[in-house]
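# Per-entry structural report
So you can see what is in the structure, the chains are spelled out below.
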Amino acid sequence: MTRPFILLVVAKAPVAGLAKTRLCPPATPAQAAEIAAAALLDTLDAVGAVPGALPVVAMTGDLGAAARTAELGAALRRSTVIAQRGWDFGARLANAHADAAAVHAGLPILQIGMDTPQVTPESLAAAAAPVVHGGHDAVLGPAADGGWWALGLADPRHAQVLAGVPMSREDTGERTLRALTASGLRPRRGAVLSDVDTMADARSVAELCPHGRFARAVMAVGKAVA
C-alpha cells in the first residue's frame, strides 16, 4: 500500500523581467520567463505522477502576467495552491511547510523548487522514500552549487529551522544540514542534482531531459542567437 505524503513545490510566477534574470543574456527576458514556465510545467507533470503524492504549490508573483498563463493555470488546478508568506526566502520556506501541513495534517513532506526540471516521478519517489517509508526523520538533497534542491521531513514542524538559514549561498546546504542536526534530527543525504541558475546550467540540465518543454525552451534561445 502506498503511503500518502505531501509533495510541496515552492514556485515563482514566471514573469518576464522578474524570472530567471541570470539567463539574460543570451536569453531575452521573455525567453527567460518561457524557460522558467517550462521548468515549472515539467516539474508539475513529474509531481503529479508520483504514487501517493498530494501536490501542494506555494506560489508567489502574478500568474496573470506570467508566461504560459493558461497552461500554468490548467496544471495548477491539479494541486492545492497556497500563497507564500514571510520576510525572506528562508521564512517563506518555513511557512510553506507549515501551511502545506495545515492542508494535509499528519503527513510527511518532501519540498522541492522549480529549478530542477530533470526530476522524474521515480526520482521524486526515491527522494521522499527515507521519510515516507524508510524510518528517517529528514533527508536533504544537495544541489551541485552548494545549496539544496529537496528537503524531506517526517514531521513538517521541523521546517521552522529554515527561517534561520541564509539562502542562495554556496554553503546553504551545509548550513541547512547543521540546522536540522541542531534541532535533534539526523538528516540523510539524498541524490545530488544541478539546478538552473545560468544558461550553462540550463543547457546541461536540458541534456538530461531532452524531450520536455524545458529542453525545447532552452533550445529556442540557441536558435534565436545563432
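Here the structure is shown first, and the text comes after it.
Residues numbered from 1 in each chain as written. Predicted model: local features only at pLDDT ≥ 70, side-chain atom pairs only at ≥ 80, totals over all residues. Heavy atoms only, no water.

## Observations concerning the packing of helix H1 (residues 29-48) against helix H2 (residues 69-76)
How we decide: Between N-to-C directions, angles cover 0 to 180 degrees, with each direction set by a line fitted to C-alpha atoms, over the stretch in contact for helices. Comment: elements are numbered from the N terminus, with helices defined as DSSP H or I runs of at least four residues and strands as E runs of at least two. Here roughly perpendicular refers to angles of 65 to 115 degrees, roughly parallel to angles under 35, roughly antiparallel to angles over 145, and oblique to all remaining angles. Crossing handedness follows the turn of the near helix against the far one: under a right angle anticlockwise gives a left-handed crossing, and clockwise gives a right-handed one. Contacts: residue pairs with any heavy atoms within 4.5 Å of one another. Asp, Glu, Lys and Arg are counted as charged, while Ala, Val, Leu, Ile, Met, Phe, Trp, Tyr, Cys and Pro are counted as nonpolar; the rest, among them Gly, fall into the polar class.
Running from amino to carboxyl end, H1 crosses H2 at an angle of 20 degrees, the nearest separation of the two axes being 10 Å. In terms of axis orientation, H1 runs roughly parallel to H2. Along this stretch, H1 crosses H2, giving a crossing that reads as left-handed. Mapping the contact onto sequence places Ala37, Leu40, Leu41 and Leu44 in H1 and Glu71, Leu72, Ala75 and Leu76 in H2. Looking at the contact of H1 with H2, its residues break down into 7 nonpolar, no polar and 1 charged.

## Details of the pairing of strand E5 (residues 138-142)
Each regular strand displays side chains that alternate between the two surfaces of the sheet. As a reminder, the rule being used: Accessibility here uses a 1.4 Å probe with only protein chains present; expressed as a share of the type maximum, an area under 20% marks a residue as buried, one over 50% as exposed, and anything in between as partly exposed. DSSP calls a pair of strands paired once it identifies at least 2 bridges connecting them.
With 5 of its 5 residues buried, E5 lies for the most part within the structure. Both faces of E5 are covered, namely the face carrying Ala138, Leu140 and Pro142 and the face carrying Val139 and Gly141. As defined by bridge partners, E5 adjoins strand E6 (residues 148-153) across 5 bridges and the pair is classed as antiparallel. Note on E6: the bridge partner recorded for Pro142 is Trp148. From the end of E5 to the start of E6, which pair antiparallel, there are 5 residues, and Gly146 there has a positive phi angle of about 100 degrees.

Nothing here speaks to function; it is all geometry.
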